[in-house]
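Each chain, written out:
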Protein chains: 2
Amino acid sequence: MAWRFALTIDPAAPGDPRGSFAETFTVIDPAAPALSVGELSTQRGDGIFESIGVVDGHPQEVAAHLERLVHSARICDLPEPHVGQWREAVAAAAAACGPGESVVKLILSRGVEHGPAPTAWVTAAPAADFAAVRERGVRVVTLDRGYALDVPARAPWLLLGAKTLSYAVNMAALREAKRRGADDAIFTTSDGFVLEAPTASLILRRGDTFVTPAPHGGILRGTTQVSLFAHLEEQGFATAYATIAVSDLATVDAAWLVSSVRLAAPITAVDGVALPMDAAFTAAINEYLLSPRD
Amino acid sequence: MAWRFALTIDPAAPGDPRGSFAETFTVIDPAAPALSVGELSTQRGDGIFESIGVVDGHPQEVAAHLERLVHSARICDLPEPHVGQWREAVAAAAAACGPGESVVKLILSRGVEHGPAPTAWVTAAPAADFAAVRERGVRVVTLDRGYALDVPARAPWLLLGAKTLSYAVNMAALREAKRRGADDAIFTTSDGFVLEAPTASLILRRGDTFVTPAPHGGILRGTTQVSLFAHLEEQGFATAYATIAVSDLATVDAAWLVSSVRLAAPITAVDGVALPMDAAFTAAINEYLLSPRD
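Source: prediction; values computed, not measured.

Here's the deal with the interface of chain B and chain A
- The partner chain A presents 56 residues to the 56 residues of chain B that form the contact.
- Between chain B and chain A, the buried area comes to about 4600 Å², and carbon and sulfur atoms account for 56% of it.
- Contact with chain A buries surface across chain B, with B:Val37, B:Arg44 and B:Trp157 losing the most and accounting together for 18% of the total.
- At the surface where chain B touches chain A, the tally comes to six salt bridges.
- With a closest N to O distance of 2.9 Å, B:Arg175 and A:Asp77 form a salt bridge.
- Applying the counting rule to chain B against chain A returns 28 residue pairs in polar contact (both at pLDDT 80 or more).

Set out below in structure tokens:
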């Protein structure tokens, strides 16, 4: 992947009274050394991030991503991100993207060890080509995330619900899925409920109702899932958040993993058992997700 | 903290037939930019690390740390570290440390996203002054780590037992401990057993027996704990690995958190309940831990 653009942000800099934050940005070469070895993002995975899909230069659902960045910062005791500053940085990165699909990534790190303030940067890069996977779908396996459903509410220090840089387990789960001959994973609770994929939300269809796992189980609030639910409701479908047992997966009419860059990937099988697919409906969903969304 | 030294390692470089790896090292300015924003250590906390205590230029227990680095790499599906290469890098960093206590940190990252190979580096820095905490001790709180005792064995993708860079939860637990007026935390299982501290091992004393939680609970094999157990056995004490209930903490004769740089910190209270302390014995333990150990 060729990086297209990167800039660092000084998140502690005061805003310009005229409303531009350009002076707090430094455009950098994304392939050149930019971070010191003292970075706590790299030493401790101590920071938060967002990945925003960009279609033909338009960054999708920026407000929802920035809202989640603020939410993650709160859970992680990081200084509250200045939304205006980040919005401007996202716009600058998106402007560098050109036609087609790209990904803009936002990182807010706790900073350099013993340093005075957080560090932050934004990158832009072409997205991988997900056309085939959106059409052909993904085989998934269920993997226990080890927590019971009630753990997140009573143990906030586990940072469940924050999109932190500590993603080693998410990456390991994807490797485990591949080892089992699948493409992706669905995390489950130790007491038998479904949660989310390592880098995507889960949406199930039953008749004319679309369901996704309730966020109290310690999952991320999926920006793509929220956007898609609003769209489905406009089309007259019902949507719901629910506590969903693993055994319910076998009885759905269709299921998707949805995320900001890959968008909607239909699930073709769970733990080796085939699920029904609706190619036309999936294409329509992805058409919506590729349209400009704010 | 002023960094003293840093070098990057090319972990994919073949070894020199004469046995020196110096050509695979690049000494860098530890305060200067060295890592690109594409680093997976920083984007995903995807890598492993070790922190080695250095006393008057002597790196402690290097073999045990490198053994654990290899173990962590295996759990994380990283290429096996070349022990000779890392040992030479540690020696170079330790040589830059000067008198007093220092810390040498080893990081092996999965590399730059879509890049060909892992990246790796070693840093050296003066250690914080832990003299007071070794004498006065730490108040700890117990914090649920959310997993039942049997989870690590059945869910290896959770990477429990690997020392990964995804330490955001460990850092959050330390903040939670401070919020509760304590200095440190002891993680417990959701079914009521003690595990380890976010950056230290737990050792309990009952009569002339020293006990530490058994590693099958998904904790790190503490290099300092192992070294101290060997020393205690030489002195005629008994040592054991055991499954320890949280309720057992209240009845010990003494307890310590031990780690490579802070060494042995006596625990003065657990969840607000005072524990007995043995100042002379603690001083003797730390005297041993500060002596040259291989």
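Let's talk about the relation of the copies chain B and chain A
- With an RMSD of 0.0 Å, chain B superimposes on chain A once it is rotated by 180 degrees and translated 0.0 Å along the axis. Such values leave the two copies arranged in the relation of a two-fold axis.
- When you check the interface residues of chain B against chain A, 100% turn up at the interface there too, and the contact is symmetric in its surfaces.

Description of the packing of helix H2 (residues 62–75) of chain A against helix H3 (residues 83–95) of chain A
Residues and elements named next belong to chain A.
- Their axes nearest at 10 Å, the elements H2 and H3 cross at an angle of 135 degrees. Classified by the interaxial angle, the pair formed by H2 and H3 is oblique. Every pair of crossing elements has a handedness; the one defined by H2 and H3 is right-handed. Between H2, through Val-62, Leu-66, Leu-69 and Val-70, and H3, the contact on the second element is made entirely by Val-83, Trp-86, Arg-87 and Val-90.
- Looking at the contact of H2 with H3, its residues break down into seven nonpolar, no polar and one charged.

Observations regarding the sheet that holds strand E3 (residues 47–55) of chain A
Residue and element names in this part refer to chain A.
- Read across the sheet, six strands follow the order E2-E1-E6-E5-E3-E4 without closing on themselves; strand pairing throughout is antiparallel. The open sheet is flanked by strand E2 (25–28) and strand E4 (58–59), the only strands paired with a single partner.
- The sheet contact formed by strand E1 (residues 5–9) and E2 spans four bridges and is antiparallel. Bridge pairing links Ile-9 to Phe-25 in E2.
- Along the sheet, H3 contacts E1, E2, E3, E4, strand E5 (101–109) and strand E6 (119–126); its crossing angle with E1, the most-contacted strand, is approximately 160 degrees.

Focus on the sheet that holds strand E2 (residues 25–28) of chain B
Residues and elements named next belong to chain B.
- Taken together, the six strands give an open sheet; going across it, the order is E2-E1-E6-E5-E3-E4, and neighbouring strands pair in antiparallel fashion. With one partner strand each, in any of the chains shown, E2 and strand E4 (58–59) form the two edges of the open sheet.
- Sheet strands in contact with helix H2 (residues 62–75) are strand E3 (47–55), E4 and strand E5 (101–109), and its direction is about 175 degrees off that of E3.

Remarks on the domain arrangement of chain A
All names here are of chain A.
- For chain A, the assigned domains read domain 1 (5–126) and domain 2 (131–290).
- Inter-centroid distance (C-alpha atoms) of domain 1 to domain 2 is 26 Å.
- Across the contact, 23 residues belong to domain 1 and 21 residues belong to domain 2.
- Where domain 1 abuts domain 2, roughly 1700 Å² becomes buried across the two surfaces, and 61% of that area is made up of carbon and sulfur atoms.
- Along the contact surface separating domain 1 from domain 2 lie one salt bridge.
- For the pair domain 1 and domain 2, the interface holds 11 residue pairs in polar contact (both at pLDDT 80 or more).
- Those elements that provide at least two residues to the side of domain 1 that touches domain 2 are helix H1 (40–44), E3, H2 and E5.
- Of the residues that constitute the side of domain 1 that touches domain 2, the class distribution is eight nonpolar, nine polar and six charged.

Considering the packing of aromatic side chains
- Tallied over the entire structure, the rule returns 15 aromatic pairs over all chains.
- Seen from their ring centres, A:Tyr147 and B:Tyr147 are 4.6 Å apart, and the 10 degrees between their planes marks the pair as stacked. Remark: B:Tyr147 occurs in the loop between strand E7 (138–144) and helix H5 (151–154) and A:Tyr147 occurs in the loop between strand E7 (138–144) and helix H5 (151–154); the pair is interchain, linking two chains. With respect to class, A:Tyr147 is no different from B:Tyr147; both count as buried.
- With a centroid separation of 5.7 Å and 90 degrees between ring planes, the pair formed by B:Phe237 and B:Phe281 is classed as edge-to-face. You can see B:Phe237 sitting in the loop between helix H7 (223–234) and strand E11 (238–242) and its partner B:Phe281 sitting in helix H8 (residues 279–290), a full 44 residues away along the chain. The same class applies to B:Phe237 and to B:Phe281, which are both buried.
- Ring pairing ties together the aromatic residues A:Phe210, A:Phe237, A:Trp256 and A:Phe281, which thus form one cluster.
- When the ring centre of B:Phe281 is taken as origin, the NZ or CZ atom of B:Arg205, which lies over that ring, is 4.6 Å away.

Re the pairing of strand E9 (residues 201–206) of chain B
Residues and elements named next belong to chain B.
- Counting buried residues along E9, five of its six residues qualify, which places the element largely inside the surrounding structure.
- Note: E9 against strand E10 (residues 209–213), three bridges, orientation antiparallel. Paired with Arg-205 across the strands is Phe-210, a residue of E10.
- With antiparallel pairing between neighbouring strands as the criterion, E9 and E10 make up a hairpin whose turn holds two residues, including Gly-207 at a positive phi of roughly 65 degrees.

Re the side chain of A:Ser259
All names here are of chain A.
- Along the chain, the position of Ser-259 falls in strand E12 (residues 254–259).
- Using a relative accessible area of 11% as the deciding quantity, one classes Ser-259 as buried.
- Once residues within four sequence positions are removed from consideration, Ser-259 is found in contact with Thr-199, Ala-200 and Thr-224.

A few points about the pattern of salt bridges
- Summed over the entire model, instances satisfying the criterion amount to 30 salt bridges over all chains.
- The closest approach of N and O atoms between A:Glu196 and A:Arg145, which form a salt bridge, is 3.7 Å. Of the two residues, A:Glu196 is situated in the loop between strand E8 (184–188) and strand E9 (201–206) and A:Arg145 in the loop between E7 and H5; the sequence distance between them amounts to 51 residues. Comparing A:Glu196 with A:Arg145 shows no difference in burial state: the two are buried.
- Overlapping salt bridges, with partners in common, bring together A:Asp77, B:Arg175, B:Glu176, B:Arg179 and B:Arg180 in one network.

Scoring rules and cut-offs
- Residues numbered from 1 in each chain as written.
- Chains lettered and ligands numbered in written order.
- Predicted model: local features only at pLDDT ≥ 70, side-chain atom pairs only at ≥ 80, totals over all residues.
- Heavy atoms only, no water.
- Contact = heavy atoms within 4.5 Å.
- Buried area = accessible area lost by both parts, 1.4 Å probe.
- Salt bridge = Lys/Arg side-chain N within 4 Å of Asp/Glu carboxyl O.
- Polar contact = N/O pair within 3.5 Å; in protein donor to acceptor, adjacent residues only side chain to side chain.
- Least-squares fit on C-alpha atoms with pLDDT ≥ 70 in both.
- Axes fitted to C-alpha atoms, helices over the stretch in contact; angles between N-to-C directions.
- Helix = DSSP H or I, 4+ residues; strand = E, 2+ residues; numbered from the N terminus.
- Parallel < 35°, antiparallel > 145°, perpendicular 65-115°, else oblique.
- Left-handed = near helix turned anticlockwise from the far one by under 90°.
- Nonpolar A, V, L, I, M, F, W, Y, C, P; charged D, E, K, R; others polar.
- Pairing = 2+ DSSP bridges.
- Domains from an automatic or database assignment.
- Phe/Tyr/Trp six-rings, centres within 6.5 Å; stacked < 30°, edge-to-face > 60°.
- Buried < 20%, exposed > 50% of the residue type's maximum accessible area, 1.4 Å probe, protein only.
- Lys NZ or Arg CZ within 6 Å of the ring centre and 35° of its normal.

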